[in-house]
Amino acid sequence: MSVFVEPSGVTPADVVAVARHDARVELSEAACEAMARSRDIVETIEASGRPVYGVSTGFGALANTSIAPERRAELQHALIRSHAAGVGAPMPREVVRAMMLLRVRSLAMGLSGVRPVLAQGLVDLLNNDITPWVPEHGSLGASGDLAPLAHCALVLLGEGWVQGKDGARMSGADALHGAGLEPLELAAKEGLALINGTDGMLGMLLLAIEDASHLFAMADVTAALAIEAMLGSERPFMPELHAIRPHPGQADSAANIHRLLQDSAIMDSHRHDLAHAVQDAYSMRCAPQVAGAARDTLEFVRTTAARELRSVVDNPVVLADGRVESTGNFHGAPLGFAADFLGIAAAEVGAIAERRVDRLLDVTRSRSLPPFLAPDAGVNSGLMIAQYTAAGIVAENRRLAGPASVDSLPTSGMQEDHVSMGWAAAKKLRTILDNLTSVLAVELLAGVRGIQLRAPLTPSPAGREAVAAVAAFAGEPGPDVFLAPVMEQARGVVAGHALRGAIETSVGPLR
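Residues numbered from 1 in each chain as written. Predicted model: local features only at pLDDT ≥ 70, side-chain atom pairs only at ≥ 80, totals over all residues. Heavy atoms only, no water.

Asker: An account of the overall build of the protein chain is needed here, citing residue identities and associated values.
Answerer: When helices and strands are counted, the protein chain shows 20 helices and nine strands. Along the first, second and third principal axes, the C-alpha set of the protein chain runs to 90 × 50 × 40 Å. Within the protein chain, the proportion of its 511 residues that are buried is 56%. Contacts in the protein chain between residues far apart in sequence, at least 24 positions, make up 80% of those at least 6 positions apart. Surface accessibility of the protein chain: about 20400 Å² in total, with carbon and sulfur atoms responsible for 56%. (Helix = DSSP H or I, 4+ residues; strand = E, 2+ residues; numbered from the N terminus. Buried < 20%, exposed > 50% of the residue type's maximum accessible area, 1.4 Å probe, protein only. Contact = heavy atoms within 4.5 Å. Areas by Shrake-Rupley, 256 points an atom, 1.4 Å probe, with all protein chains shown as cover.)

Given below as structure tokens:
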């Protein structure tokens, strides 16, 4: 599989393919031509001697410092070294690969004034599986992701660190030598063009969109399992009830849950029971209102990321008419807001799921299920502490859902006096989504246990698929077992696509 980088950019699917599936990257001829035209303009300006930010001047608060022609290449190298100032654990490989591809995309749009060899250098790193060691701390999200991108750029120069195949840190020089690659020598403007942009936070956001889209569908699956196990009603999910409140995400989530609950002997067993509750608890009845609002938030985030993928976020930019203009397009506010909004939504999807778990385990509210879903409660604790784990994760997600994008600390001698914190917003979004996976795994376990305990009544087709998938590693309800490995495998089921695929084969595609 190959991804071709054109002047028009790349797609979200391209980013996922390169970041997670090691797709090969190739620069199109059109992209190389666009970069060459832009570079000609920079060289003409440099020869003219007029001051241009980043070409013949210093950076940030040093923008009024003139740089002699013979020191401009030195300036670009010094910029990369000084800005590679991050600390902390390395960012995951997929994030670094996404970031490098997006920097290639930005350069290939032909407004950065760089030679094609610069973009090709990043392509060579990707295609030779060389992953720069990018520390987690260092970016404020304006001027873009300076420090993380500088750590990537430093490897192009034969310096810095990379992540070895075993996860250990090794020198960039050794990595280039091992791949048969030569270090690059930067020309005027090129160091700045390598590091000024929103590529790190955008890469994380695009990967988060991919994950959230799947997890929100799985949240409907686990909600339906819990509702079925608790003898809930499917009536609140009828389409006519959601047509009168036309939020698209709500309608989609309700349609999923309604479909997942059909053809169930468990549901049929209480459908006409006069003693059955007229209204289910909010955590059951309002599942699509919460999950649907999260879906609508995800659509906003998807739109924002798509716009950013079409954007030129360098500074300064080299326009086709020969002008070199400073911009603020590197400011990460749109991405920071989007990441924070999606983090809030994902945290709430997990919060309502945990409430359903608690209800399933509570003998006073679970409609005749045994305490903590343990057939021999007292000697056995069942899923009691699994719910503790879910509750602790929900509490952590609430803390993480506090927005990073409302924070700002001035830097660079007050030149960069308002920053986006978009990198931090995107980074904590990844943690929230990982946590959501764990909460949904607990609900999956609890829902399946509850359905198993309704035997001999048979569940819906979706319920049968879920029981089969979980019983393969968790077995039947019975004496307590070492639960952590079971929860890890449940996490894999939620994160993976096998159960969802089996359910869709049985009941049709989920929205």
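Asker: Describe unusual backbone geometry, listing the residues and the values that go with them.
Answerer: That bond from Asn 315 to Pro 316 is cis: its omega, -5°, falls within 30 degrees of zero. Structurally, the position occupied by Pro 316 is in the loop between helix H14 (287-309) and strand E8 (317-318). That bond from Ala 455 to Pro 456 is cis: its omega, 15°, falls within 30 degrees of zero. Here Pro 456 lies in the loop between helix H17 (422-452) and helix H18 (461-474). Of note in this structure, Leu 231 is not a glycine but carries a positive phi near 55°. Judged by its relative accessible area of 15%, Leu 231 falls in the buried class. The phi angle at Leu 373 is positive, at roughly 60°, despite the residue not being glycine. Mapped onto the fold, Leu 373 is located in the loop between helix H15 (333-361) and helix H16 (384-400).

Asker: Could you give an account of the sheet that holds strand E6 (residues 161-163), with specific residues and numbers?
Answerer: The strand order E4-E6-E7 describes an open sheet built from three strands, whose pairing is antiparallel. Two strands in the sheet have a free side with no partner beyond their single neighbour: strand E4 (131-132) and strand E7 (169-171). In this structure, E4 lies alongside E6, joined through two bridges in antiparallel fashion. The residue bridging Pro 132 from the neighbouring strand is Val 162, located in E6. (Pairing = 2+ DSSP bridges.)

Asker: Talk me through the pattern of salt bridges; I want residue IDs and the actual numbers.
Answerer: Tallied over the entire structure, the rule returns 31 salt bridges. Measuring nitrogen to oxygen at the nearest pair gives 3.9 Å for the salt bridge that ties Arg 72 to Glu 46. With Arg 72 in helix H3 (residues 72-83) and Glu 46 in helix H2 (residues 29-48), this pair connects stretches of sequence that are 26 residues apart. The exposure class assigned to Arg 72 is buried, which follows from its relative accessible area of 6%. Across the pair Glu 94 and Arg 430 runs a salt bridge whose closest N-O atoms are separated by 3.0 Å. Of this pair, Glu 94 sits in helix H4 (residues 93-108) while Arg 430 is found in helix H17, placing the two residues 336 residues apart along the sequence. The network of salt bridges with common partners includes Asp 22, Arg 93, Arg 97, Asp 129 and Lys 165. (Salt bridge = Lys/Arg side-chain N within 4 Å of Asp/Glu carboxyl O.)

Asker: Quick rundown of the packing of aromatic side chains? Include the residues and the values.
Answerer: Taken as a whole, this structure holds two aromatic pairs when the rule is applied. What links up through ring pairs into an aromatic cluster is the set Phe 300, Phe 337 and Phe 341. The ring of Trp 133 carries the charged tip of Arg 169 above its face, separated from the ring centre by 5.1 Å. In this structure, Arg 169 packs its charged tip against the face of Trp 161, placed 3.6 Å from the ring centre. (Phe/Tyr/Trp six-rings, centres within 6.5 Å; stacked < 30°, edge-to-face > 60°. Lys NZ or Arg CZ within 6 Å of the ring centre and 35° of its normal.)

Asker: Go over helix H11 (residues 248-260) with me, naming the residues and quoting the values.
Answerer: Here H11 spans 19 Å end to end across 13 residues, near enough to the 18 Å set by a 1.5 Å rise per residue. Along H11, the positions that sit buried rather than exposed are Gly 249, Gln 250, Ser 253, Ala 254, Asn 256, Ile 257 and Leu 260. Down the axis of H11, the smallest arc covering the buried residues is 160°, so these residues share one side. The inward-facing, buried residues of H11 abut helix H9 (199-229), helix H10 (239-243), H14, H18 and helix H20 (498-507). (Expected span 1.5 Å × (residues − 1). Arc of directions from axis to C-beta.)

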